[in-house]
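Observations on the model geometry
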Amino acid sequence: MAATTDSGGVAALHRLKSTDPPLYLSPSPDLSHSARLACQHIFASLRPFTPKSPFDRLLADGFDSEQIWQQIDLQSQPLISTLRCEVKFFEKHPEEISKLFLKVSVGKKEGKDGKSEELEGLELDGEKDEGFDELEDGDEGLEGSDDVDDEEEERENEEESDGGGVDGVEDRFLKIRELEEYLEDDEAREYGIKKKEKGDGKVAKESIKEDDDDEDEEDGEDDDGDEEGEEDDDELGVLGLVDGDDEEGGDARYEDFFGGKKKTGSQQKKTRHDSSAGDKQSGDMDFDDKKKENRSTHEKQLEKQRLKIEEMEKANMEVKTWTMQGEVTAAKRPKNSALEVDLDFEHNVRPAPVITEEVTASLEELIQKRILEGRFDDVFRAPTLPNKAPKERKELDENKSNKGLAEVYADEYAQKTGLVSSALTFSDEQKKEASVLFKKLCLKLDALSHFHFTPKPVIEDMTIQANVPALAMEEIAPLAVSDAAMLAPEEVFAGKGDVKEEAELTQAERKRRRANKKRKYKDEYHACDRSFDESSGLNQ
Amino acid sequence: MWGSLSLRTKPNFRPLKPHEMSDGQVQFRRIRVPWHRFTPLKKAWMEIFTPIHEQMKIDIRLKLKDRANIVELKTRADTPDIRNLQRCADFVGAFMCGFDLSDAIALLRMDELYVTSFCIKDVKTLRREHLSHAIGRLAGRGGKTKFAIENTTKTRIVIQNSDIYLLGSHANIEIAMHSLCSLIRGSPAAKVYPKLRAVTTRAAERF
């Protein structure tokens, strides 16, 4: 079956090749049929090298050109990227090409399928084999250059040429591949270039899963998926879905620098079961663990900062120590904890002075000095102001009286009757003595002024005082002018208030004055008459 | 007949002598001499005897018996005043209380003076040292409180164990007694003095 189709396909290819180009302009069912067959053949031949493609064979019957093209594209895209890597590798290491050819005879049949059996680092091998197989197939298809398959063939040719130049032993070949992988990894790490090698199916699955997630994480997932695919998927020559635009590595993305935001594929599955937000961190930490060796200084700094921030936030969230809490009773803090802490509080009292020898010595010195000076700072009672004359206090005689009672009464009687002059009391004697002394003193003082101090005696006389200003009295200006002799104001004018002259009066006031005068006159007149009448009445 | 009657002249009786007043009987006074006054009496006998016998004209004699000495006073025929005997008796009695002669003599001269006595226990019941303290308060240090009272109130005070004798006029005795009672009750002398002073100044102002 396969052979027939194969032959049919080959024949179709030949047919297509032989036809003239102008015939393609007009649609013909034969050409299309043959074209479809050729495509199917090529697809089938390439199928072994693309285990991850969803199509087992090209579905060409009854399909549109666009649909067919899409199928081919699905198959060829990962293949192309793989081939490109291989070409680059061979560019750098041309000696490998010869080795490749040597190896071809030995390991031709190996690893077309079941690439997962090989170890992790041997992905390249599978891909190399693939390339070689393609090379073989490609040789067949080199002659037929159809419009549909042109690009594919060219790519295949490139890959074949590259692949054919190496004569390598299997071990060497593997090593070469390994090297290349490592180099690419390094490049990707440093420059943020996405890695080309991916595991097929897993990545595809992941990409589908990614579509379910947020679009922001898609790229990150891709990166993670790539890496996972690298390590977990040992399938060789499996080209996962990669954004072809990023292959050149011109656009470095956030994830390349700061690591993927999302977890890797397998861990993501696990955490999906848990479905907790914190697992994201674990994923990140896993990611970090992987990336620890391959970090830039900036990334390290940022990592440190992040850790610090986490620490501080954690500390803030915890319960504070008792010293930082506000009012703390003894029950709330651990036993004897106040002893360990330096407590600072205000002392309202001055601390007691420490008595040292120096202090006592200074005090004693001061005392001695004071004693020598005689300056004791004694407090004396302030003398009370004599607000009034001191009372004469009759002092109680506390001695036994010399006189007998009879004598006392006799003396009293004598004093009462006045027969005997009374003896002066103690205070009277003192007064007398004082007055005598004062008189003596006055006499002496008067003698100093020759007794001229005595003022003239006042003689009350009748004098006439003229209300004349003092200046008029004496023509010569007197040394002292006094108006004591003048009339007092009351003597000048005795009246009250605001006295107006005739000229100042208003009409109403003038009338009032006249009315008062008339009233007074009338009263007097009538009083006189009355008295006259009365007197006459009496007589009558 | 009417003319012949004439009024009799009033009879002119001369006053009776004290001797005659009692129908010629002699009046007697007996005063016991306490043992602690016997020696002072013997010492001051002439001073007692002279004014009584000479001026009061009262017979006086001391009767000595073992353990009971008595001073006897008797009126004479020429005793001028009937009250002399009582005065002499008071005088001798005052001396027996413990007063000095010069103080007691005032009794002979003045009628207004009395001798009063009271006990401490009349004022306040005091025992043992409280009694001693009260007596001490009454006297004062060196007797100064007693003298102060005596001088201000013109009285004489004799403190004899628990008994107190006062000699003076009635009002003065009251003042003195008041002060003494307050002293007995416990007030210090400093508190008693101002009252005394006030009283005496008032008295002095009055006269």
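Looking at an unreviewed UniProt entry, chain B carries the name K Homology domain-containing protein, with the source organism given as Escallonia herrerae. Regarding chain B, the relevant UniProt record gives this comment under Subcellular location (unreviewed entry): "Nucleus, Nucleolus".

The name recorded for chain A in an unreviewed UniProt entry is U3 small nucleolar ribonucleoprotein protein MPP10, from Escallonia herrerae. Among the UniProt annotations of chain A, the heading Subcellular location (unreviewed entry) holds the following wording: "Nucleus, Nucleolus". What the UniProt record of chain A gives under Function (unreviewed entry) is the line "Involved in nucleolar processing of pre-18S ribosomal RNA."

**Here we look at the overall build of chain B**
Scanning chain B for helices and strands turns up 10 helices and 6 strands. With 207 residues in all, chain B has 40% of them scored as buried. Contacts in chain B between residues at least 24 apart in sequence constitute 57% of all its contacts with a sequence separation of at least 6. Total accessible area on chain B is roughly 12,800 Å²; 54% of this is exposed by carbon and sulfur atoms.

**Some remarks on the overall build of chain A**
Assigned secondary structure in chain A consists of 20 helices and 0 strands. Out of the 540 residues in chain A, the part that is buried amounts to 28%. Intrachain contacts of chain A at a sequence separation of at least 6 include 72% that bridge at least 24 residues. As displayed, chain A offers around 40,100 Å² of accessible surface, 55% of which is attributable to carbon and sulfur atoms.

**Overview of the packing of aromatic side chains**
Throughout the structure, instances matching the rule amount to 3 aromatic pairs over all chains. Centroid distance Phe 89 of chain A to Phe 90 of chain A: 5.8 Å. Interplanar angle 55°. Geometry classified as tilted. Pair check on accessibility: Phe 89 of chain A and Phe 90 of chain A agree, each one buried. For the pair Tyr 521 of chain A and Tyr 525 of chain A, a centre-to-centre distance of 6.4 Å together with 25° between the ring planes defines the contact as stacked. Here Tyr 521 of chain A pairs with Tyr 525 of chain A, and both are found in helix H20 (residues 507-539), just 4 residues apart, close to one helical turn. Against the face of Trp 322 of chain A rests Arg 333 of chain A, its NZ or CZ located 5.6 Å from the ring centre. When the ring centre of Phe 95 of chain B is taken as origin, the NZ or CZ atom of Arg 37 of chain B, which lies over that ring, is 4.4 Å away.

**Describing unusual backbone geometry**
Residues and elements named next belong to chain B. Its identity is not glycine, yet Lys 57 carries a phi of approximately 60°, on the positive side. Mapped onto the secondary structure, Lys 57 falls in the loop between helix H3 (45-56) and strand S2 (58-63). Notably, Arg 67 is not glycine yet its phi reads approximately 75°, a positive angle. Relative to the assigned elements, Arg 67 resides in the loop between S2 and strand S3 (69-75).

**Things to note about the sheet that holds strand S4 (residues 113-119) of chain B**
Residue and element names in this part refer to chain B. Pairing is antiparallel across the open sheet formed by 3 strands, whose spatial order is S4-S6-S5. Strands at the two margins of the open sheet, each flanked by one partner only, are S4 and strand S5 (156-160). Taken pair by pair, the neighbouring strands of this sheet meet at an average axis angle of 15°, ignoring direction. Direction of pairing for S4 relative to strand S6 (residues 163-169): antiparallel, over a ladder of 7 bridges. Among the inter-strand pairings, Cys 119 is bridged to a residue of S6, identified as Asp 163. Against the sheet, helix H5 (residues 101-109) contacts S4, S5 and S6, and its axis sits at roughly 125° relative to S4.

**Section: the pattern of salt bridges**
Using the criterion set out here, one finds 23 salt bridges over all chains in the structure. As a salt-bridge pair, Glu 412 of chain A and Lys 154 of chain B come within 3.0 Å of each other at their nearest N and O atoms. Taken together, the positions of Glu 412 of chain A in helix H16 (residues 405-417) and Lys 154 of chain B in the loop between helix H8 (144-153) and S5 put the pair across two chains. Put simply, Arg 87 of chain B and Asp 111 of chain B hold a salt bridge, and the shortest N to O gap is 2.8 Å. Of the two residues, Arg 87 of chain B is situated in helix H4 (residues 83-97) and Asp 111 of chain B in the loop between H5 and S4; the sequence distance between them amounts to 24 residues. On the basis of relative accessible area, Asp 111 of chain B is assigned to the partly exposed category, the value being 38%. Because the salt bridges share partners, they merge into one network encompassing Arg 295, Glu 303, Arg 306 and Glu 310 of chain A.

**A look at the environment of Phe 43 of chain A**
All names here are of chain A. Within the secondary structure, Phe 43 is located in helix H2 (residues 29-46). Take Phe 43: its relative accessible area is 1%, and that puts it in the buried class. Sequence separation between Phe 43 and Asp 56 is 13 residues, and the spatial gap between their C-alpha atoms is 8.9 Å.

**Section: helix H9 (residues 170-185) of chain B**
Residue and element names in this part refer to chain B. Over its 16 residues, H9 extends 22 Å from the first C-alpha to the last, a length consistent with the 22 Å expected when each residue adds 1.5 Å. Within H9, burial applies to Asn 172, Ile 173, Ala 176, Ser 179, Leu 180, Cys 181, Leu 183 and Ile 184. Phi turns positive one or two residues past the end of H9, at Gly 186, with a value near 125°.

**Side note on the side chain of Asn 69 of chain B**
Residue and element names in this part refer to chain B. You can see Asn 69 is positioned in strand S3. Among the polar contacts made by the side chain of Asn 69, one reaches the main-chain amide nitrogen of Lys 65 at a distance of 3.3 Å. In contact with Asn 69, not counting residues within four places along its chain, are Ile 31, Arg 32, Val 33, Phe 38, Lys 63 and Leu 64.

**Here's the deal with the sheet that holds strand S1 (residues 28-33) of chain B**
Residue and element names in this part refer to chain B. Reading across from one edge, S1-S3-S2 is the order of the 3 strands in this open sheet, with antiparallel pairing throughout. Where the open sheet ends on each side, the last strands, each with one partner, are S1 and S2. Each strand axis lies, on average, 20° off the axis of its neighbour in the sheet, ignoring direction. Of the strand pairs in this sheet, S1 and S3 are connected by 6 bridges, and their pairing is antiparallel. Among the inter-strand pairings, Val 33 is bridged to a residue of S3, identified as Asn 69. Lying over the sheet, H3 contacts S2 and S3, oriented at roughly 150° with respect to S2.

**What about the side chain of Ser 337 of chain A?**
Residues and elements named next belong to chain A. Along the polypeptide, Ser 337 turns up in helix H14 (residues 337-340). Given a relative accessible area of 4%, Ser 337 falls into the buried group. A distance of 2.8 Å separates a polar side-chain atom of Ser 337 from the backbone oxygen of Pro 334.

**Comments concerning the nonpolar core**
Note on soluble globular proteins: their nonpolar side chains tend to be buried together. All names here are of chain B. With 37 residues, the main nonpolar core has Ile 48, Ile 52, Leu 73, Phe 91 and Val 92 as its most contacted residues. Residue contributions to this core peak at 9 residues, all from H4. Viewed by domain, this core spans two of them, domain 1 (18-103) and domain 2 (114-206), each represented by three or more residues. For Ile 48, the contacting residues outside a window of four places in its chain are Leu 41, Ile 60, Phe 91, Val 92, Phe 95 and Leu 101. One finds Phe 118, Leu 126, Ala 148 and Cys 181 within the second-largest nonpolar core, a separate group that totals 20 residues.

**Side note on a positive patch on the surface**
Residue and element names in this part refer to chain A. Judged by side-chain charge, Arg 514, Lys 517, Lys 518, Arg 519, Lys 520 and Lys 522 come together as a positively charged surface patch. Within the fold, Lys 520 resides in helix H20. Residue Lys 520 is classed as exposed on the basis of its relative accessible area of 57%.

About the thresholds
- All residue numbers here refer to positions counted from 1 along the written sequence of the relevant chain.
- Labels are handed out in written order, letters beginning with A for the chains and numbers beginning with 1 for the ligands.
- With pLDDT at 70 or above as the cut-off, local features in this predicted model cover only qualifying residues; side-chain atom pairs require 80 or more to be listed or tallied, and sums for whole chains, interfaces and linings still use all residues.
- Only hydrogens and water are set aside when side-chain values are computed; all heavy atoms of the structure are taken into account.
- UniProt positions are given in the numbering used here, feature names are shortened, and annotations may be inferred rather than shown by experiment.
- Here a helix means four or more residues in a row that DSSP labels H or I, a strand means two or more in a row labelled E, and each is numbered from the N terminus.
- Residue burial is assigned from relative accessible area. The probe radius is 1.4 Å, only protein chains are included, and a residue is buried under 20% of its type maximum, exposed over 50%, and partly exposed in between.
- Contacts are assigned to residue pairs that have any heavy atoms within 4.5 Å of one another.
- Here, Shrake-Rupley sampling with a 1.4 Å probe gives the accessible areas, and only protein chains in the shown set may cover a residue.
- In this analysis, rings of Phe, Tyr and Trp, with Trp reduced to its six-membered ring, are considered paired at centre separations within 6.5 Å, and the interplanar angle assigns stacked below 30 degrees, edge-to-face beyond 60, and tilted for intermediate values.
- Counted as over-ring charges are cases with an Arg CZ or a Lys NZ within 6 Å of the ring centre that also lie within 35 degrees of the ring normal.
- When DSSP locates at least two bridges between a pair of strands, those strands are taken to pair.
- To define axes, lines are fitted to C-alpha atoms, for helices over the stretch in contact only, and angles between the resulting N-to-C directions are given on a 0 to 180 degree scale.
- Criterion for a salt bridge: a side-chain nitrogen of Lys or Arg within 4 Å of a carboxyl oxygen of Asp or Glu.
- Given a helix with a known number of residues, its expected span is that number minus one, times 1.5 Å.
- Residues adjacent in sequence count toward polar contacts only when both atoms are side-chain atoms; beyond that, a polar contact is any pair of N or O atoms within 3.5 Å, and within protein one must be able to donate a hydrogen and the other to accept it.
- In this text, buried Ala, Val, Leu, Ile, Met, Phe, Trp, Tyr and Cys residues form a nonpolar core when linked through side-chain atoms within 4.5 Å.
- An automatic or database domain assignment is the source of the domain bounds shown.
- Residues enter patches when they are more than 30% accessible in relative terms and free of salt bridges; like-charged ones are connected within 9 Å and nonpolar ones (Val, Leu, Ile, Met, Phe, Trp, Tyr) within 5 Å.
- In summary, the charge assignment counts Lys and Arg as positive and Asp and Glu as negative, without counting His or the chain termini.
- For charged residues, the charge sits on one atom: NZ in Lys, CZ in Arg, CG in Asp, CD in Glu.

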